[in-house]
Amino acid sequence: MRRALGVVLAAALVAGVALFVQRPDPVDAQGGGTVEVTVTYNGAPVVEKLKVNKDTEKCGTEAVIEKVVVGGNKGLANAVVSVPTAKGAPKMAKATVDQHGCKFVPHVTAMTPGDLELKNSDDILHNIHTYSTANPSINKAQPKFKKVMMEKFEKPEIIKLTCDVHSWMLGWVAVLPTPFFAVSDASGAAKIENVPAGKQTVEVWHETLGKQTKEVDVKAGQVVKVGFEMKK
Amino acid sequence: MRAIVLVGALASAVFLFASASPAGAQAGDAQAGRAVYERKCALCHGEKGDGKGPGADLLDPRPRDFTTGIYKIRTTVNKTPTDRDLFDVITRGMPGTFMPAWDVLPEKDRWNLVAYLKAFAADKFKEAPKKQELPKEVASSPESIRRGKEMYEAIECNKCHGAEGRADGPSRPELKDEWGHPIRPANLTKRWTFRGGGGRAEIAMRLTTGVLGTPMPSFIDSVEKPDDIWHLANYLASLGPESPHYATLLTAEAVNGDIPADPVAEFWKRMAPQNIPLVGQVTIDPRNFNPSIDMVALRAAWNDKEVAFHVTWDDPTQSGADAAKKASPDVVSLQFPQKVAEGADRPYFLMGGDADAVYLLRWENGKGATEASANGPTRIVPLAGGEVTGQAAYANGQYRLVLKRPLVSKGPDRPTFQPAVFLPIAFQAWDGGAGETGAKMSLTSWYYLRLEEPQSSRRFVVPPVVAILTFAAMLLVVRVANRRA
Ligand SMILES: [Cu+2]
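Along each chain, numbering runs from 1 in the same order as the chain's sequence is written. Whichever chain is written first is A, and whichever ligand is written first is 1; the rest continue in order. Only residues with pLDDT of at least 70 get local features here, since the model is predicted, and only at 80 or more are side-chain atom pairs given and counted; chain-wide, interface and lining totals rely on the full set of residues. Values reported for side chains reflect all heavy atoms of the structure, with hydrogen atoms and water molecules removed beforehand.

A.B. asks: Break down the coordination of the copper ion for me, citing the residues and quoting the values.
C.D. replies: All names here are of chain A. For Na, K and Ca the donor cut-off is 3.2 Å; for every other metal, N, O and S atoms count as donors within 2.8 Å. Water does not enter the count, which can leave sites looking incomplete. His126 (ND1), Cys163 (SG), His166 (ND1) and Met169 (SD) make up the full set of protein donors to the copper ion, lying at 2.0 to 2.5 Å. Note on geometry labels: four donors, all angles 85 to 135 degrees, give tetrahedral; four donors become square planar and six octahedral when opposite donors are over 155 degrees apart and every other angle is between 65 and 115; remaining cases are irregular. Bound by four donor atoms, the copper ion shows angles of 96 to 133° at the metal and therefore tetrahedral coordination geometry. Donor residues for the copper ion, ordered by position in the chain, follow H-x36-C-x2-H-x2-M.

The structure is reproduced here in structure tokens:
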């Protein structure tokens, strides 16, 4: 009897957790639109290379610093696309940056204010050194045995991530005031779903090519396409 | 009677202690602080506190920009330092920088300065400082030091500070401060150069909070157990003395028998080092405002045939001459007057003058030991018929070198070494890896070296006489130095 109760309780718990995880975004109910963004850049990629003389087992012998990544059809990767005028509940999924192969993976992370999980899967020392103004900047060692650290970023701003042990390591965390965001892929495409209908502003930010905005009219159940051409 | 004296001594000790460390911070008056600031600080830090005073461009590291409100040394969890933190930096200065200790200023002036400095970044100081608590103190012990060493290796302090702490880690050349200026890691074997103080608690605090604006991160969340902060501090404190105990008069020990040419021989380890501070050469161009080598340790011995100098110095990079890479070699040189005459004036300390040459015993990485005579840094002439031999070892950011020469010189362009004479000696060093070459060097002014007479019964009879003579000689040295300066 007691055992049966246990099973029922466990099942209830699992169901509860599942419900919680799958809780639909409130916007869904009213029906939003999709914003499909293409970011392009008419210039050449900017890739810096550096000879590595330490931790080569983990870092390789050459560090590649990708400052401007241009794919097919001039698509610009690693651009943060967001709809700052659209408000909604913060994203449930936690944002994660891994230090892997002496690189920040992904190179650009977007998140809403809250916790950022910092992983070190390299088995060597890194230090998380952030450059920020709205949030307290941090400089914390993450030795090999510290596989995961959590940091709180409560104010929207774009934060630079560096590591002093490996000076080439560079990453960005965009803490955004809206849960409607995406990071452009290798072809420069970014898709934001369930954007509340109405007049909205779409913003693009890139680490070296700056910021651009455009107005769009989002219609429920429809896709609106926007193109951005980034300039130096 | 004795008890009364004791009580009196105790009372005065307590009083001294109390007055040396006032219980708490005092509220300063910013307006009064301004007057002091403009007299004492503005030349480097600028009238507006932006670190752009008329003298700032000469300084490396650059003076602090107070308008950022960022301070390296703090005892707080957040960025805001306490008044006491600022007061302590003003009082102690920042070793290894141009920031002197201002303990000469009345305490009241220093508290007023604190208030004025805060006014340069009033918005940053709106956030109250949050005191950083340290884990419960762990006393130093062999076990604690062992655990600290284990942690040092596990958290890879060596990446910047080097395997033995001599600031020679592989990340060293890449390090920059938050303003993009190159920055050197601390040499952990020289605690007296630590910016925030070299005591165990101060080291534990730096490990806990990190050093703001520099690559030095906070480790409080990055050790296995909070106690490890103290084990690390105990280990770091074990790497070197708290003070360098600089030598005043240098001596060479008389030895019966051979003197080993090997710099790592046990013979040399048994001998106590005589530490000598070096400063950047700033008299002539190119000046060396941020010298790499700040100390050499001398051990010296002589026997009936030869004199040997054992020199130890820290250099984070072992570099030889390389014309293709425009790289300069590491060099050290011992300087003596060419002629040692009783009562004669010493040559100009900066490698001699037009009329008075100096004799140099030089060692260069890749080339070995040579002799030269010089009439200034740009007029160095190698001496033929070498009488000097040298052997060096480099490991973990440190050179050890033995230079040997016959006591008696062959010609008039070299001095002869005689016992019981105060022989002028000076030192120069170049860190080729830091781009030091030519006049860009670190150096000392003249010191005196004395070849101690062989141990005999007389030695035990005359110590008071020797002591008085030594004292008189020291007074003479100080007077001469003052007159020259
Ligand atoms: Cu790293």
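A.B. asks: Can you break down helix α2 (residues 30–40) of chain B residue by residue, with the values?
C.D. replies: Residues lying three or four places apart along an α-helix face the same way, a consequence of the helix completing one turn every 3.6 residues. Residues and elements named next belong to chain B. Every buried residue of α2 is listed here: Gly33, Val36 and Tyr37. Buried residues of α2 fall within an arc of 105° about the axis and therefore sit on the same side. Summarising the geometry of α2, the exposed residues directed more than 90 degrees from the buried face are Gln31 and Arg39. Throughout, a contact is declared for two residues whenever any of their heavy atoms are within 4.5 Å. Secondary structure is summarised from DSSP: a helix means a run of H or I of at least four residues, a strand means a run of E of at least two, and numbering begins at the N terminus for each. Tucked inside the fold, the buried residues of α2 contact α3 (42–45) and α5 (107–119). A 3.5 Å cut-off defines polar contacts: any pair of N or O atoms within that distance qualifies, except that in protein one atom must be a possible hydrogen donor and the other a possible acceptor, and neighbouring residues in sequence count only when both atoms are side-chain atoms. Put simply, aspartate 29 is the residue that caps the front of α2, since its side-chain oxygen is 3.1 Å from the backbone nitrogen of glutamine 31. Categorising residues by exposure relies on relative accessible area from a 1.4 Å probe, with only protein chains included: less than 20% of the type maximum marks a residue as buried, more than 50% marks it as exposed, and the intermediate range marks it as partly exposed. It is the directions from the helix axis to the C-beta atoms that the arc portrays.

A.B. asks: Break down unusual backbone geometry for me, with residues and values.
C.D. replies: Each neighbour pair has its own omega, and for Val105(A) with Pro106(A) the value is -5°, a cis peptide bond. Within the secondary structure, Pro106(A) is located in the loop between β6 (104–105) and β7 (108–111). Of note, the amide linkage connecting Asp285(B) to Pro286(B) takes the cis form, showing an omega dihedral of -10°. Here Pro286(B) shows up in the loop between β3 (279–280) and β4 (295–302).

A.B. asks: Outline the interface of chain A and chain B, supporting the account with residue identities and numerical values.
C.D. replies: Counting residues at the interface gives 22 residues for chain A, matched by 23 residues for chain B. Accessible surface is computed with a 1.4 Å probe, and the buried area is the amount of it that two parts give up when combined, taken over both parts together. Carbon and sulfur atoms make up 49% of the surface buried where chain A meets chain B, a total of about 1,800 Å² over both sides. Every case where a carboxyl oxygen of Asp or Glu lies within 4 Å of a side-chain nitrogen of Lys or Arg is listed as a salt bridge. Across the contact surface, chain A and chain B share three salt bridges. A salt bridge links Asp55(A) to Lys159(B), with the nearest nitrogen and oxygen atoms 2.8 Å apart. On inspection of chain A and its partner chain B, the count reaches 16 residue pairs in polar contact (both at pLDDT 80 or more). When residues of the side of chain A that touches chain B are traced back to their parent elements, those giving at least two are β9 (126–131) and β10 (139–142) of chain A.

A.B. asks: Talk me through the environment of Arg379(B); I want residue IDs and the actual numbers.
C.D. replies: All names here are of chain B. Looking at the secondary structure, you find arginine 379 in the loop between β8 (368–374) and β9 (380–382). Along the sequence, arginine 379 and glutamate 266 sit 113 residues apart, while their C-alpha atoms lie 38 Å from each other. With sequence-adjacent residues up to four places away left out, arginine 379 is seen in contact with Asp354, Ser373 and Ala374. Looking at arginine 379, its side chain comes within polar contact range of the side chain of aspartate 354, at 2.7 Å.

A.B. asks: With reference to specific residues and values, describe the packing of helix α6 (residues 142–154) of chain B against helix α9 (residues 228–238) of chain B.
C.D. replies: All names here are of chain B. Note on definitions: angles span 0 to 180 degrees between N-to-C directions of axes, and those axes are lines fitted to C-alpha atoms, for helices only across the stretch in contact. Following both chains from N to C, one finds α6 and α9 inclined at 100°, their axes separated by 7 Å at the closest point. It follows from the interaxial angle that α6 and α9 lie roughly perpendicular. Contacts between α6 and α9 involve Ser144, Ile145, Arg147, Gly148, Lys149, Met151 and Tyr152 from the former and Asp228, Trp230, His231, Leu232, Asn234, Tyr235, Leu236 and Ser238 from the latter. Amino acid classes used here: Ala, Val, Leu, Ile, Met, Phe, Trp, Tyr, Cys and Pro are nonpolar; Asp, Glu, Lys and Arg are charged; the rest, including Gly, are polar. Of the residues contributing to the contact of α6 with α9, the split by class is seven nonpolar, five polar and three charged. Here roughly perpendicular refers to angles of 65 to 115 degrees, roughly parallel to angles under 35, roughly antiparallel to angles over 145, and oblique to all remaining angles.

A.B. asks: Outline helix α8 (residues 200–209) of chain B, supporting the account with residue identities and numerical values.
C.D. replies: Residue and element names in this part refer to chain B. Across the 10 residues that make up α8, a large majority, seven, are buried. Residues of α8 that are buried in the fold lie against α9. Looking at the residues trailing α8, positive phi occurs at glycine 210, about 75°.

A.B. asks: So what about the confidence of the model for chain A? Which residues, and what values?
C.D. replies: When pLDDT drops low, the exact placement of atoms in the prediction is not to be read closely. The pLDDT averaged across chain A works out to 88; a share of 86% of its residues lies at or above 70. Per-residue confidence from the predictor is reported as pLDDT, a score between 0 and 100. Looking at the elements of chain A, mean pLDDT is at its lowest for helix α1 (residues 2–21) of chain A, recorded as 46, and at its highest for strand β4 (residues 80–82) of chain A, recorded as 98.

A.B. asks: Before we move on, can you summarise the state of the cysteines with the specific residues and values?
C.D. replies: Cysteine pairs can be covalently joined through their sulfur atoms, and such a bond is termed a disulfide. Residues and elements named next belong to chain A. Here, a disulfide means two cysteine sulfur atoms that sit within 2.5 Å of each other. By the definition in use, this model includes one disulfide over all chains. Disulfide pairing places cysteine 59 opposite cysteine 102 at an S-S distance of 1.9 Å. Across the S-S bond linking cysteine 59 and cysteine 102, the dihedral sits near -50°, which makes this disulfide left-handed. Of this pair, cysteine 59 sits in helix α3 (residues 56–59) while cysteine 102 sits in the loop between β5 (95–99) and β6, placing them 43 residues apart in sequence.

A.B. asks: Got a sec to walk through the sheet that holds β5(A)? Specific residues and values, please.
C.D. replies: All names here are of chain A. Each pair of strands is called paired provided DSSP finds at least two bridges between the two strands. With mixed pairing, four strands are arranged side by side in an open sheet as β6-β5-β8-β11. What marks the edges here is a single partner per strand, and that holds for β6 and β11 (148–153). Across six bridges, strand β8 (residues 114–120) lies against β11 in antiparallel orientation. Across the sheet, leucine 118 pairs through a bridge with methionine 149, a residue of β11.

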